[in-house]
Amino acid sequence: MIEAAMIWNEPNNKSHWDPEIDPEWEKFGHMANLAADAIAAANPDVTKVLGGMSPIDPGFLNKMKGYGVLDRVDAVAVHGFPLDWNLWQIDEWPAKIDEIRAVTDLPIWVSEVGVSTFGAEEVQLWGLKRTAELIKGRSRRIQWYSLYDLPSAWGATTRHREAEGSSYYRHFYMGLLREDGSPKPALEEFAKHTPEMGLVQWFHFEDHRLDDAVAWMKRLGVTYLRTGLSWADSFRPNALDWFDRQMQALEDFDVTVTFCFTPEHRGIEPHHTSAPQVPEEFAEFCKQMIERYAPRQSLNETLVMSGQSGSRMR
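Residues numbered from 1 in each chain as written. Predicted model: local features only at pLDDT ≥ 70, side-chain atom pairs only at ≥ 80, totals over all residues. Heavy atoms only, no water.

Engineer: Which residues make up the overall build of the chain, and what are the values?
Structural biologist: Scanning the chain from N- to C-terminus turns up 10 helices and 8 strands. The buried share of the chain, reckoned over its 314 residues, is 54%. Sequence-distant contacts in the chain: of pairs separated by 6 or more residues, those separated by 24 or more amount to 78%. Roughly 13900 Å² of accessible area belongs to the chain as shown, and the carbon and sulfur atoms make up 48% of that amount. (Helix = DSSP H or I, 4+ residues; strand = E, 2+ residues; numbered from the N terminus. Buried < 20%, exposed > 50% of the residue type's maximum accessible area, 1.4 Å probe, protein only. Contact = heavy atoms within 4.5 Å. Areas by Shrake-Rupley, 256 points an atom, 1.4 Å probe, with all protein chains shown as cover.)

Shown next as structure tokens:
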């Protein structure tokens, strides 16, 4: 069910990790090392991915290398939205990937890429086609963001100014499906690129869209998905019931689960982007989730799955 565990979401994006608390990402590097070690201890077969960079920044990756993070993960991820937020053009995608390839030999995943329909739905259709042309074959994982538009009643916050490329109101229009579940023109085009392309879909706590999302993904031919398990949500009443329901619903897909979001009462500052007071607590959360949803197989289970048990017994 879980093929990969991603450590945080966009750690070099100040809307996801507070740089005033941790300006050199030292606390993040230490926390990421603890989390990677905890995931490996729980199940060494789960691929460990450093959370997707946004912006795509080799300087940030060099910092992570200096802190020892790249020695503990199996892949690094990048996020790019050149038609909406990033201050570069869509045709620069290959060069952006090459910038990261120049500083690490680890596999590079494009774990979030997308185009909003805020201005026109035809822009998303063109952007999806062009993105596929530019990235397919360059990354083992390409995850399109996202299946659904964000419901307008839900919050989306940013620390970025619009002059920095935020235009965050576009965040509500990133789906291949509108808020009411009706398809946009790019949906049919996306289906032409599966299973090579996967999806990103964040599910909010007790998200009413979960079952419909699973049905849509199967209809589209999606085989792999990136989603999240929120450390902050783990403190809600009945959190494990929701986590169990979510992960059971996704059991037919290869899932990259992103571990992120600091509980307010466990942060240095009371905010989900804060470095935690005790980073070992985040690592323990990662370990518990892997043990629950991707438990290490015993030798006998491995042999049975590989069809070797009979010959070994003889």
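Engineer: Go over the nonpolar core, please, and point to the residues and values.
Structural biologist: Ranked by size, the top nonpolar core spans 91 residues in total, and within it Phe-28, Trp-93 and Phe-259 carry the most contacts. Setting aside residues no more than four positions away along its own chain, Trp-93 makes contact with Ile-56, Val-78, His-79, Gly-80, Pro-82, Trp-88, Val-110, Val-113, Leu-134 and Ile-135. Counting 6 residues, the second largest nonpolar core, distinct from the first, contains Met-6, Val-49, Ala-77 and Trp-109. (Core = buried A, V, L, I, M, F, W, Y, C linked by side-chain atoms within 4.5 Å.)

Engineer: Residues and numbers for helix 2 (residues 58-66), please.
Structural biologist: Those residues of helix 2 lying buried are Phe-60, Leu-61 and Met-64. The buried side chains of helix 2 occupy one side of the element, clustering within an arc of 100 degrees when seen end-on. Residues of helix 2 that are buried make contact with helix 1 (26-42), strand 2 (47-53), strand 3 (75-80) and helix 3 (93-101). Two or three places before Gly-59, at the opening of helix 2, Asp-57 has a side-chain oxygen 2.9 Å from that residue's backbone nitrogen. (Arc of directions from axis to C-beta. Polar contact = N/O pair within 3.5 Å; in protein donor to acceptor, adjacent residues only side chain to side chain.)

Engineer: Quick one: what's the story with the packing of aromatic side chains, residue by residue and with numbers?
Structural biologist: All chains considered together, the criterion is met by 12 aromatic pairs. Judged by centre distance (5.7 Å) and plane angle (80 degrees), the ring pair of Phe-259 and Phe-285 falls under edge-to-face. Of the two residues, Phe-259 sits in strand 8 (residues 254-260) while Phe-285 sits in helix 8 (residues 279-293), which places them 26 residues apart along the sequence. Taking the relative accessible area as the measure of exposure, Phe-285 reaches 4% and is therefore buried. Members of the aromatic cluster, joined through ring pairs, are Trp-8, Trp-17, Phe-28, Trp-231 and Phe-282. (Phe/Tyr/Trp six-rings, centres within 6.5 Å; stacked < 30°, edge-to-face > 60°.)

Engineer: Can you lay out the pairing of strand 4 (residues 108-113) for me, pointing to particular residues and giving the numbers?
Structural biologist: The buried count for strand 4 comes to 6 of 6 residues, which makes it a mostly enclosed element. Looking at chain direction, strand 3 and strand 4 are connected through 5 bridges and run parallel. Note on strand 4: the bridge partner recorded for His-79 is Glu-112. Regarding topology, helix 3 serves as the crossover connection from strand 3 to the parallel strand 4, and that connection is right-handed. As defined by bridge partners, strand 4 adjoins strand 5 (residues 142-145) across 2 bridges and the pair is classed as parallel. Bridge assignment links Val-110 to a residue of strand 5, and that residue is Ile-142. Where the polypeptide runs from strand 4 across helix 4 (residues 121-135) and back to strand 5, its parallel neighbour, the crossover connection is right-handed. (Pairing = 2+ DSSP bridges. Right-handed = clockwise from strand over helix to strand, strands pointing away.)

Engineer: Describe the environment of Asp-98, with residues and values.
Structural biologist: Tracing the backbone through its elements, the reader meets Asp-98 in helix 3. The sequence separation of Asp-98 and Ile-108 amounts to 10 residues, and the corresponding C-alpha distance is 9.6 Å.

Engineer: Just give me the short version of the side chain of Thr-227, but keep the residues and values in it.
Structural biologist: Looking at where Thr-227 falls in the secondary structure, it is placed in strand 7 (residues 224-230). A polar atom in the side chain of Thr-227 sits 2.8 Å from the backbone oxygen of Gln-201. Only 3.5 Å separates the side chain of Thr-227 from the side chain of Gln-246, close enough to count as a polar contact.

Engineer: Before we move on, could you go through the sheet that holds strand 1 (residues 2-7) and cite the residues and values that matter?
Structural biologist: If you trace the 8 strands once around the closed barrel, you get 1-2-3-4-5-6-7-8, paired in parallel fashion. Put simply, the sheet's adjacent strands are angled 30 degrees from each other on average, direction ignored. (Axes fitted to C-alpha atoms, helices over the stretch in contact; angles between N-to-C directions.)

Engineer: Summarise the environment of Ala-75; cite the residues concerned and give the values.
Structural biologist: With respect to the element layout, Ala-75 can be found in strand 3. Ala-75 gets classed as buried once you look at its relative accessible area, which sits at 1%. Separated by 34 residues in sequence, Ala-75 and Trp-109 place their C-alpha atoms 7.0 Å apart.

Engineer: Explain the state of the cysteines residue by residue, including any values.
Structural biologist: All told, the structure shown has 0 disulfides when counted by the stated rule. Its sulfur unpaired, Cys-260 is 9.6 Å from the next cysteine sulfur, which belongs to Cys-286. Since its relative accessible area comes to 0%, Cys-286 is described here as buried. (Disulfide = S-S within 2.5 Å.)

Engineer: Quick rundown of the pairing of strand 2? Include the residues and the values.
Structural biologist: Burial analysis of strand 2 places 7 of its 7 residues in the buried class, which makes it a mostly covered element. Pairing between strand 1 and strand 2: 4 bridges, direction parallel. Residue pairing in the sheet places Ala-4 in a bridge with Thr-47 of strand 2. With helix 1 bridging strand 1 and the parallel strand 2, this β-α-β connection has right-handed handedness. Pairing analysis gives 3 bridges linking strand 2 to strand 3, with the strands arranged parallel. Its bridge partner being in strand 3, Leu-50 is matched across the sheet by Val-76. With helix 2 bridging strand 2 and its parallel neighbour strand 3, the resulting β-α-β unit is right-handed.

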